[in-house]
Amino acid sequence: MPNPEFYEVDVPIHDTANPARRGLHVFTGVADSPAAALRRAHEVYDAALAAHGAGLEIPGKQPDSWGASGLRPGWQMEWTAAKAGPWHNPLSCTTRSGFAL
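Before going into details, it helps to say that this report is about the structure given with it. (Residues numbered from 1 in each chain as written. Predicted model: local features only at pLDDT ≥ 70, side-chain atom pairs only at ≥ 80, totals over all residues. Heavy atoms only, no water.)

**Overview of the overall build of the protein**
Turning to step 1, where the next piece is worked out: When its secondary structure is counted, the protein shows 1 helix and 4 strands.
Turning to step 2, where the next piece is worked out: The N-to-C order of helical and strand elements in the protein reads β-β-α-β-β.
Turning to step 3, where the next piece is worked out: When the 101 residues of the protein are sorted by exposure, 33% land in the buried category.
Turning to step 4, where the next piece is worked out: Split by element, the accessible area of the protein, about 6,600 Å² in all, is 58% carbon and sulfur. (Helix = DSSP H or I, 4+ residues; strand = E, 2+ residues; numbered from the N terminus. Buried < 20%, exposed > 50% of the residue type's maximum accessible area, 1.4 Å probe, protein only. Areas by Shrake-Rupley, 256 points an atom, 1.4 Å probe, with all protein chains shown as cover.)

**Comments concerning the packing of aromatic side chains**
Each aromatic ring pair is described using two quantities: the centre-to-centre distance and the angle formed by the ring planes.
Turning to step 1, where the next piece is worked out: Applying the stated criterion across every chain yields a total of 3 aromatic pairs.
Turning to step 2, where the next piece is worked out: Ring centres of F6 and W87 lie 5.5 Å apart, and the angle between their planes is 70°; this geometry places the pair in the edge-to-face category. Pair noted here: F6 is in strand β1 (residues 5–15) and W87 is in the segment after β4 (83–86), with a separation of 81 residues, a long-range link.
Turning to step 3, where the next piece is worked out: Here the aromatic cluster, defined as three or more aromatic residues joined through ring pairs, consists of F27, Y45 and W79.
Turning to step 4, where the next piece is worked out: Above the ring of W75, the side-chain terminus of R72 is found at 4.4 Å from the ring centroid. (Phe/Tyr/Trp six-rings, centres within 6.5 Å; stacked < 30°, edge-to-face > 60°. Lys NZ or Arg CZ within 6 Å of the ring centre and 35° of its normal.)

**A short note on the pattern of salt bridges**
Turning to step 1, where the next piece is worked out: Enumeration according to the criterion identifies 5 salt bridges in this entry.
Turning to step 2, where the next piece is worked out: In this structure, the salt-bridge partner of R40 is E43, at a minimum N-O distance of 2.7 Å. On the criterion of helical spacing, the pair formed by R40 and E43 is a turn pair, its members being 3 residues apart in helix α1 (residues 34–53).
Turning to step 3, where the next piece is worked out: A relative accessible area of 16% places R40 in the buried class.
Turning to step 4, where the next piece is worked out: Look at E43 and you get partly exposed, because its relative accessible area is 33%. (Salt bridge = Lys/Arg side-chain N within 4 Å of Asp/Glu carboxyl O.)

**Brief notes about α1**
Turning to step 1, where the next piece is worked out: Taking 1.5 Å per residue, 20 residues should reach 28 Å; α1 reaches 28 Å between its end C-alpha atoms and fits that length.
Turning to step 2, where the next piece is worked out: The set of residues buried in α1 consists of A36, A37, R40, A41, V44, Y45, A48 and A51. Axial view of α1: buried residues confined to an arc of 165°, hence all on one face. Exposed residues pointing more than 90 degrees away from the buried face of α1 are listed as A35, A50 and G53.
Turning to step 3, where the next piece is worked out: On its buried face, α1 sits against β1, β2 (22–31), β3 (75–77) and β4.
Turning to step 4, where the next piece is worked out: Of the residues one or two after α1, G55 is the one with positive phi, at around 75°. (Expected span 1.5 Å × (residues − 1). Arc of directions from axis to C-beta. Contact = heavy atoms within 4.5 Å.)

Here is the structure:
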């Protein structure tokens, strides 16, 4: 079994009332593979959507650090186009896109 690491799942989204309005919803958390990361992102999103639909508070981060925030009612998640991979801190000074403070 692979070692758990921190993953990022990027899910394209669009506004159902105006499909030209597009965006990206990003989930992060611990998983042992990209497939497991994608599954957890989908699970926490579904839980957030169900809670919102029932008038309940959206669940916070789970013990494995996955959670959904910034739920956008009226926006459609494009799960078939989602991409999962190891998370890279954009603020790290060891990454090419990072910057020095």
